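Residues per chain are reported as follows:
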Number of protein chains: 4
Amino acid sequence: MANSKYEYVKAFEQPDLLIPNTWIVVRIDGRGFHKFSDKYAFEKPNDRRALDLMNAAAKAVMMELPDIVIAYGISDEYSFVFHKSCVLFERRSSKLVTTIVSTFTAYYIHLWSTYFPDPEMQLTAPLPSFDGRAVQYPSVQNLRDYMSWRQVDCHINNLYNTTFWTLIQKGGLDAKSAEKDLAGSLAADKNEILFSRFGINYNNEPDIYKKGSVVFRDYELVEHPGMPEAIDEDSAKTANEKELSKTQAEKDRKRRAKARITVQHIDVIKDEFWEKRPWLLSNKPGKIPKET
Amino acid sequence: MANSKYEYVKAFEQPDLLIPNTWIVVRIDGRGFHKFSDKYAFEKPNDRRALDLMNAAAKAVMMELPDIVIAYGISDEYSFVFHKSCVLFERRSSKLVTTIVSTFTAYYIHLWSTYFPDPEMQLTAPLPSFDGRAVQYPSVQNLRDYMSWRQVDCHINNLYNTTFWTLIQKGGLDAKSAEKDLAGSLAADKNEILFSRFGINYNNEPDIYKKGSVVFRDYELVEHPGMPEAIDEDSAKTANEKELSKTQAEKDRKRRAKARITVQHIDVIKDEFWEKRPWLLSNKPGKIPKET
Amino acid sequence: MANSKYEYVKAFEQPDLLIPNTWIVVRIDGRGFHKFSDKYAFEKPNDRRALDLMNAAAKAVMMELPDIVIAYGISDEYSFVFHKSCVLFERRSSKLVTTIVSTFTAYYIHLWSTYFPDPEMQLTAPLPSFDGRAVQYPSVQNLRDYMSWRQVDCHINNLYNTTFWTLIQKGGLDAKSAEKDLAGSLAADKNEILFSRFGINYNNEPDIYKKGSVVFRDYELVEHPGMPEAIDEDSAKTANEKELSKTQAEKDRKRRAKARITVQHIDVIKDEFWEKRPWLLSNKPGKIPKET
Amino acid sequence: MANSKYEYVKAFEQPDLLIPNTWIVVRIDGRGFHKFSDKYAFEKPNDRRALDLMNAAAKAVMMELPDIVIAYGISDEYSFVFHKSCVLFERRSSKLVTTIVSTFTAYYIHLWSTYFPDPEMQLTAPLPSFDGRAVQYPSVQNLRDYMSWRQVDCHINNLYNTTFWTLIQKGGLDAKSAEKDLAGSLAADKNEILFSRFGINYNNEPDIYKKGSVVFRDYELVEHPGMPEAIDEDSAKTANEKELSKTQAEKDRKRRAKARITVQHIDVIKDEFWEKRPWLLSNKPGKIPKET
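Here the structure is a predicted model, which is why all the values come from computation and not from measurement. (Residues numbered from 1 in each chain as written. Chains lettered and ligands numbered in written order. Predicted model: local features only at pLDDT ≥ 70, side-chain atom pairs only at ≥ 80, totals over all residues. Heavy atoms only, no water.)

*Asks:* Please explain the sheet that holds strand E2 (residues 68–74) of chain A as it appears in this structure.
*Replies:* Strand pairing in a sheet relies on backbone hydrogen bonds, with the paired strands running either antiparallel or parallel. All names here are of chain A. Judged by pairing direction, the sheet is antiparallel, and its 6 strands sit side by side in the order E4-E1-E3-E2-E5-E6 without closing on themselves. Since the sheet does not close on itself, it has two edges, and those belong to strand E4 (130–137) and strand E6 (261–264), each with one partner. Along the sheet, successive strands turn relative to each other by an average axial angle of 20 degrees, direction set aside. Each of strand E1 (23–30), E2, strand E3 (77–82) and E4 is contacted by helix H5 (residues 140–169), which is oriented at about 25 degrees to E2, the strand it contacts most. (Pairing = 2+ DSSP bridges. Helix = DSSP H or I, 4+ residues; strand = E, 2+ residues; numbered from the N terminus. Axes fitted to C-alpha atoms, helices over the stretch in contact; angles between N-to-C directions. Contact = heavy atoms within 4.5 Å.)

*Asks:* Sorry if this is basic, but what is going on with the packing of H5(A) against helix H7 (residues 187–198) of chain A here?
*Replies:* When two helices pack together, their arrangement is given by the angle between the helix axes and the distance between those axes. Residue and element names in this part refer to chain A. Axis separation between H5 and H7 bottoms out at 10 Å; the angle between their running directions is 35 degrees. Crossing of H5 against H7: the hand is left-handed. When H5 is examined against H7, the residues Leu159, Tyr160, Thr162, Thr163, Thr166 and Leu167 are found in contact with a partner set consisting of Ala187, Lys190, Asn191, Ile193, Leu194, Arg197 and Phe198. When grouped by side-chain class, the residues that make up the contact of H5 with H7 number 7 nonpolar, 4 polar and 2 charged. (Left-handed = near helix turned anticlockwise from the far one by under 90°. Nonpolar A, V, L, I, M, F, W, Y, C, P; charged D, E, K, R; others polar.)

*Asks:* Looking at this model, I keep getting lost on the pattern of salt bridges. Mind explaining?
*Replies:* Any two side chains of opposite charge can pair if their charged atoms end up close together. Scanning the model with the defined rule gives 64 salt bridges over all chains in all. Residue A:Arg49 pairs with A:Glu43 through a salt bridge whose shortest N-O separation is 3.9 Å. The partly exposed category is assigned to A:Glu43, whose relative accessible area is 47%. Taken together, the shared-partner salt bridges connect A:Glu13, B:Arg27, B:Asp29 and B:Arg133 into one network. (Salt bridge = Lys/Arg side-chain N within 4 Å of Asp/Glu carboxyl O. Buried < 20%, exposed > 50% of the residue type's maximum accessible area, 1.4 Å probe, protein only.)

*Asks:* What exactly am I supposed to notice about the nonpolar core here?
*Replies:* Inside soluble globular proteins, nonpolar side chains tend to come together where they are buried. C:Phe80, C:Phe104, C:Tyr108, D:Phe80, D:Phe104 and D:Tyr108 are the most contacted members of the largest nonpolar core, which has 89 residues in total. Ignoring sequence-local partners within four residues, the contact set of D:Phe80 consists of D:Ile24, D:Val25, D:Val26, D:Ile28, D:Ala58, D:Val61, D:Ile68, D:Ile70, D:Ala71, D:Ile100 and D:Phe104. One finds A:Phe36, A:Ala71, B:Val61 and B:Leu127 within the second-largest nonpolar core, a separate group that totals 88 residues. (Core = buried A, V, L, I, M, F, W, Y, C linked by side-chain atoms within 4.5 Å.)

*Asks:* What exactly am I supposed to notice about the relation of the copies chain D and chain C here?
*Replies:* For the pair of chain copies, the relating operation is a rotation around an axis with a shift along it. Overlaying chain D on chain C yields an RMSD of 0.0 Å, the required transformation being a rotation through 180 degrees with an accompanying axial translation of 0.0 Å. Taken together, the rotation and translation describe the operation of a two-fold axis. Looking at chain D, 100% of its interface residues are interface residues in chain C too, so the copies touch through the same face. (Least-squares fit on C-alpha atoms with pLDDT ≥ 70 in both.)

*Asks:* Quick question: what am I supposed to make of the interface of chain D and chain C here?
*Replies:* It is common to give the size of an interface as the accessible area that goes away when the parts come together. Of the residues lining the interface, 54 residues belong to chain D; the matching set on chain C comes to 54 residues. The interface formed by chain D and chain C includes 6 salt bridges. The shortest N-O distance in the salt bridge between C:Lys95 and D:Asp131 comes to 2.8 Å. Our count for the chain D to chain C interface comes out at 28 residue pairs in polar contact (both at pLDDT 80 or more). Only helix H1 (4–7), helix H4 (93–115), strand E4 (130–137) and helix H5 (140–169) of chain D provide two or more residues apiece to the side of chain D that touches chain C. Looking at the side of chain D that touches chain C element by element, the count peaks at 13 residues for H4(D). (Polar contact = N/O pair within 3.5 Å; in protein donor to acceptor, adjacent residues only side chain to side chain.)

*Asks:* How should the interface of chain B and chain A be read in this particular structure?
*Replies:* In this complex, chain B contributes 54 residues to the contact, which on the side of chain A involves 54 residues. Summed over both sides, the interface of chain B with chain A buries roughly 4700 Å², with 59% coming from carbon and sulfur. At the boundary of chain B with chain A, the tally comes to 6 salt bridges. B:Glu13 is the partner of A:Arg27 in a salt bridge, and the nearest nitrogen-oxygen pair spans 3.0 Å. Connecting chain B to chain A are 28 residue pairs in polar contact (both at pLDDT 80 or more). At the level of secondary structure, the elements contributing two or more residues to the side of chain B that touches chain A comprise helix H1 (4–7), helix H4 (93–115), strand E4 (130–137) and helix H5 (140–169) of chain B. (Buried area = accessible area lost by both parts, 1.4 Å probe.)

*Asks:* When you look at the environment of D:Ser282 in this model, what are you seeing that I'm missing?
*Replies:* All names here are of chain D. Along the chain, the position of Ser282 falls in helix H11 (residues 279–282). As for Ser282 and Asp52, which are separated by 230 residues in sequence, their C-alpha atoms are 29 Å apart. A distance of 3.0 Å separates a polar atom in the side chain of Ser282 from the backbone nitrogen of Lys284.

Structure follows, in structure tokens:
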């Protein structure tokens, strides 16, 4: 019983290769997490356990996929960045996206009870899930602007949510009134509401809420660098050089796999973050710190 | 702090809409399941618990996504079929694929301990995960040929694996010798080996191994139908008719959501399967069986 | 001097295959033809010479590309239809589109002086040019609806333009007043204006203006057919049958290449057109008429 | 007669936007030019009239599309480069490609008799035509490597063709023998054959054959520049700056449109070409030369 007469259906599969030499960002989002966070009565405006679970899942994804150079998470979303020289899965878009979405989901479900040990919080159907997409960024500037975009969004949303929920939780307002109070308000207004009416200095809020979570491999910081150039890996090289760089790439890959993965809540908008961590853009592993 | 100066990065997101009026098949595959099945010592050639878990996850996916009309699973792969009239997520490819991959993974992890309750079988990192892709099929014939392709593959693989593992488990061969014995053999040869040397009639093997698993909503079978025509939902209709058909579509969606989902191990290659279940190709829900 | 160190740039070329078994429509449009028709003082509302030139170019395209089954033109646009079984250029979208656009343009420029022999009408820079795109239609119904869409558009536009220009040319209105007169008018209103104020019966206008131009290979009409089924060429066939059908396809291709190409101004919306010309949807050449 | 019931077919048109901030290369190729050059008995190995016609058509394309920064032609192929900041046609791939292919074809046909005035050389069906495709290059290095790739190809092909046709035309060999003589030969071998057997110094061959044709807008050369940085046009800018840069872009566009377009036969592989002409990569027009 040959399969040949049906095999023609394989021809309907279309290639979906991302173009070479672009930074690939895979962003995943919780599906229906508004409803989901109600079901499990997540704390407002931020549930620390839920964020820690997101970060733990993101760390696990980066452990399993050493090609990811950095990740950034806020709320129920996470962005994973592949270096522009990445050739994982031949840069097939759906393979990259589904692998990340599936791995992230697996750890989210698996680690749930670690972060929500209360028996009342046990997961029941419908289970949480995530969707995702891949986006290509041609230049380092574009990539950094993407990261800045997400971090500014984190700030904007968190300042709003913090004020909104303070008006409700401490100010006794209902949701509608709180929303109305904040309509058209500027950042300064919200800071003022928090400070003058509730004695809250927004600057003292935890960084994880204000800045989100940045996940990357931990090497020794570089103190006086220039702005790192992201070298064109694929460009003008002889076949010999390519062979050498393959071996090197393999070595680099192994060193990366060994590096500790760290989650930090720091500014990624300014140059300093990138200058001190040149390995992020160069994709060359740095020095392993002596004691961490 | 306006976000506008970074928001331009959204323009790099590219649309990935599937074309209207095609059957959409999302096929997912276990990543590295060869190694994974070794780690947990899955039974060979088939581990019933692992297949039952796959089927349970597939049923859950169909519960959460009523737009899926049928699914078919073998080994560590599953294919989910959206009707050609489906407009879920505006037919965005990555959204459809990642939603299925994530939901499937969530249930696979969540239900693992139900199917593998043994404490020794507890999941540890690296966790199982799945990748996936969407393929479009323009005609019913193409779709049925796709389904036939997978079911023939199931048969070919299972006959091979059954013979291979029998040679090892009952015949005392090592893997290399077994492989050598089977090189170039036809189906008849394998049946003969099983029967004459081990007294096994392949036809008596369980259908779940021979035919795979077909998952669909359960309505009353139709006994004397013609071959169902899959009607062009989107074609020539007045705006009025469209409005009506929207209401109808919503009703149909609810009836589908209520129908029991069944997992069966039967032939999907012959016309009979499709003729008796016209709702699969017409996307019109059938009659709910009185007592099931 | 080896080229190898630069050849990596070929990897940036992305495949753009259309999926198998869909009808491919390539529609081309004149670029800036409003301005162009002013430059050469085309007659309003229709310039017969310009339409004849369009049709001559379309015929030439069909002569050079026997894979095209039918074409339909109105004003400065033309749609070319490849049969769903077409495998020309491996169904590469940009190759199909650019070949048609380039061939059409070549004949349009080359034949210009045949249709506009007046020395004052000689082409000067900027020259007329066309852009184009490919669209896939999965079903015969979708394809026919596409053709109907264009022919209805032809009717709507021509009735409007005929009335508009009659108001100007015979009614002495300026463009603004004519536009205002027609704002919100129905088809019946325009017919009425033409008839009562100018004694023009729109039904007596030439079919080339009212119905556009349909270009196809001319075989003997079939008088009592059923609605032709477009057979799934690619589906379930043995390798042997495929070999046979290749030879047959080659024969068919040659017969098609021999058939006379005709330009007609007839209804393509009703079933009759397609029923009498089953070769259009079946892609099987018909009988060559004895004397035409 | 409303068109609404057919208009749904527009939904089958799929977007094909190229991603922002990439260099876009549209390469077009003569279709079946081997046969075509036989039909018109083009001179071998190079027909100067045919190349001049190609260059004239390319110049015309650049006149009509000021967004093109540079073009490069060899034999019957031409590559047109849009700056990475280009937003023409919203960067729709098929629109960009077909516009170039059509415009090029129009001038090729229109100017044919200027370059081939001999009545015997009049064009007859089948007419020459071109196909084309768009490719995206993320970095300046990638783009320059693309240009180098084509120019190295020009050199390799021309050295081969020059030797091949000299062996035939002056050496009296037939095509097969000439081919055999050259099989496996290196560049040095071909130079040696030309020099020792025919007294031809390949270096003295015309640059148009050895280096191809580079087409660009002519400004004053810059004598001591650094390597120009191609600035990220789209990146971090306030809305205000964007407004300003729009006005600037419009001015730049007009200045570019005024600049004379030049065709030169020079090296584009070394840095010098790009350093002296910073406007090519920066997309900022240079100084118009006083007298050219």
